[in-house]
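# Topology and contacts: notes
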Amino acid sequence: MSGNKVIKNLKSFSTAAERFEGSHVLCPGCAHSIIVREILNATNDNLVVSASTGCLEVCTAIYPHTSWDCSWIHIGFENSSTAVAGAEAMNKALRKKGRIGADVPEPKFVAFGGDGATYDIGFQWLSGCFERGHDMMYVCLDNEVYANTGGQRSSATPIGASATTSPAGSTSYGEKQNKKDIIQIMAAHGSPYVAQVAPNKWKDMIKKIHRGFDTKGPVYINAMSACTTEWKFAPHETIEVSDLATDSLVFPLYEIIDGTELNITYRPKNIVPVRDYLGAQPRFKHLFKPEYEYLIKEWQERVDAYWEYLQRREEARV
Amino acid sequence: MNSKIMDIKKIEVWDGNMAASQAFRQADIDVVAAYPITPSTPVVENYATFEANGYIDGEFVMVESEHAAMSACVGAAAAGGRVATATSSQGFALMVEVLYQAAGMRLPIVLAQVNRALAAPLNVNGDHSDMYLGRDSGWINVSTFSPQEVYDLTLCAFKIAEHLDVRLPVNINQDGFMSSHTAQNIRTLDDKTACDFVGPYKAVNAMLDFSKPVTHGVQTEEDWHFEHKAKQHNAIMRSVKVIDAVFAEFKALTGREYKRVESYGMEDAEIAIVAFGTTYETAKIVVDNLKKEGINAGIIAPRIFRPFPLEELAAQLQNVKAVACLDRSAPGGTVGALYNEIAGALFNSPARPVLSNVIYGLGGRDMTVSVLTGIYKDLVKEAATGKLNGTIQRFVGVRGPELNYYNA
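Source: prediction; values computed, not measured.

### Comments concerning the nonpolar core
A:Val110, A:Val139, B:Ala33, B:Cys73, B:Val74 and B:Ala76 are the most contacted members of the largest nonpolar core, which has 218 residues in total. There are two domains that each give this core at least three residues, and those are domain 1 (11-254) and domain 2 (262-395) of chain B. Once residues within four sequence positions are removed from consideration, B:Val74 is found in contact with A:Ile75, A:Ala83, A:Gly86, B:Val98, B:Gln101, B:Ala102, B:Met105 and B:Leu107.

Pasting the structure below:
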């Protein structure tokens, strides 16, 4: 029995009952709140939600206030996955023992973590939860930086971005490493469903969230979360920048079912150059100096090659 | 309990690890999330075997680290059910971040901790460095001296932790190998009696109660953090009454009596040792020997390390002339923790015994009758002269040049 909530258009989305209340202190223009609303609005089922330490957590649960009209827990930076896994185990135990009746509908277990919590400090915990196969959805709010603490690099920070611990300077173009490919890593765990989503493509996102909620086992969702503060665009440009991210294929939207069946879920009609995506974000502005032109070129080649790879995977079904 | 009843004899031969495992099984725990580490590994292995044979109907989650074990325990406890785990040493050290969170979130988790030295150098044997590491984490800390006590007090731990006046996690410490791997006769309770003694779990602010959504683990800064920590401290101090009541109930059931401060030979004692764990049992033998020689010696052990029984300890030491506080943990640049606690307990009381600190038994070095006898003999001199026989702190049972507080 699916408790999926179907919202057909933005108007009904904007008036839908909220379990993530508007009363939070996230930055104006922050994509986190858009994504979280879209996810919580995708189901009518009861929810047990966890958040790792980070922007979402510190901005939504400041005692004596809370933005969460659902069961919610925060423990630490690295363990939102395991917090929800523990609750999921308790749900199983209490049902086995008959202390929760079979007539009580199963809740959904959802963990949120930033890219720092997911790609870096919480990776072991996430990996453990997926290996054990808890029935949960893990959502990475991927803004490619430790935004809560002022913009330090994470292993999701892309090459060439200026972050406070990998700043661009007279002798440096900023971050030196390519972003970790977390989606493939999570698919390699044997997860039954892994997907990348973006809040600007909300119908695509809701479809994937519904599929995730309908899937038994650990589901991984990588949600691009454009960060007005650290990507340094104006707060009203969040959706425009997100459109550039998905239309340039820097953030391709796709899903992997059972580790093998890869589906591209969004094909831009007009693919925009990576240069346009980078140009919209002052975190990359130093790349437009003549000496770093090659980095933009390499980036375009990388995106093209990955798009090609995704298409071949989609065809090959392996 | 929907699981199978285990047919256990009135007296079983169990080591401390099996005693903890059996108490876990009988307590009808809902979720055990754990990660193995020497010397507590058998606690988890035994529990896994119980589960594999139908004696457990809760969930048993083998996670990928001790940090994850305590994280899952916190998530499970907040969801609304009985939770326990086991660990030692490095594993406990890895858990420390989450120990503070478990206590701060007021979650009644029970931890079977088999005490072991902390590296470096790496060492799997028993000392109290891990117990000391957790002493400010807000957990109720219980010291046991034998496998029987592990069994009894683990059952008591659930009642104390889950009491509505307390709602704090409880750590049941036992000495690595000395207790955990030493098989002894254990007087048992049958499954029903033990389970009934622990009683049904009472959920508070359960995440699985969807009629009342709860936010756990909030952010508080300078405006509220202090009030939360003050209330948490108040709760652990309130546990004193609950601990006494649970011990009284346990005595009524079994005849076995526990106190927050255990002592032996203290009625007429002029000299005393204060120590944790199995050393108490060895010291009882030494006390008997010395009394035959006409030396009025006694031994005191805080059964409850936190909340610290300050007044009860001070009361026991009022007529004593010399006291040695024994710490089984490297003091790291000061006197041992127990020495400081006892000095603090005595300072506002009339008694002024000569107070010395002995560091012993690190990394599983045996604490023998002869070493303890030597300490008591030093106390005899101190009691006679009213002065320290040497310096404030000394190391016993260690090879090489004599080490003390001033002789670096």
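### Concerning the environment of B:Glu382
Residues and elements named next belong to chain B. Within the secondary structure, glutamate 382 is located in helix α12 (residues 369-385). In this structure, the C-alpha to C-alpha distance between glutamate 382 and alanine 322, residues 60 residues apart in sequence, is 6.0 Å. What glutamate 382 contacts, discounting residues up to four positions off in sequence, is Ala322, Val354, Ser356, Lys387, Leu388 and Asn389.

### Looking at the domain arrangement of chain B
Residue and element names in this part refer to chain B. For chain B, the domain assignment lists domain 1 (11-254) and domain 2 (262-395). Taken over C-alpha atoms, the centre of domain 1 sits 28 Å from the centre of domain 2. Facing the 27 residues of domain 1 at the interface are 20 residues of domain 2. When residues of the side of domain 1 that touches domain 2 are traced back to their parent elements, those giving at least two are α5 (129-133), β6 (140-143) and α8 (225-254). No other element matches α8, which puts five residues into the side of domain 1 that touches domain 2. Of the residues assigned to the side of domain 1 that touches domain 2, the class counts are 13 nonpolar, eleven polar and three charged.

### Looking at the sheet that holds strand β3 (residues 59-62) of chain B
Residue and element names in this part refer to chain B. Judged by pairing direction, the sheet is mixed, and its seven strands sit side by side in the order β3-β2-β4-β5-β7-β6-β13 without closing on themselves. Only two strands of the sheet have a single neighbouring strand rather than two, namely β3 and β13 (304-306). Across the sheet, the mean angle from the axis of one strand to that of its neighbour is 20°, orientation sign disregarded. As paired elements, β6 and strand β7 (residues 170-175) share four bridges and run parallel to each other. Residue pairing across strands places valine 142 opposite isoleucine 172, the latter belonging to β7. On top of the sheet, helix α2 (residues 41-52) reaches β2 (31-34), β3, β4 (83-87) and β5 (110-115); it is set at about 135° to β3, its chief contact.

Calculation criteria
Residues numbered from 1 in each chain as written. Chains lettered and ligands numbered in written order. Predicted model: local features only at pLDDT ≥ 70, side-chain atom pairs only at ≥ 80, totals over all residues. Core = buried A, V, L, I, M, F, W, Y, C linked by C-beta atoms within 7 Å. Buried ≥ 20, exposed ≤ 12 C-beta atoms within 10 Å, placed from the backbone. Domains from an automatic or database assignment. Contact = placed C-beta atoms within 7 Å. Helix = DSSP H or I, 4+ residues; strand = E, 2+ residues; numbered from the N terminus. Nonpolar A, V, L, I, M, F, W, Y, C, P; charged D, E, K, R; others polar. Pairing = 2+ DSSP bridges. Axes fitted to C-alpha atoms, helices over the stretch in contact; angles between N-to-C directions.

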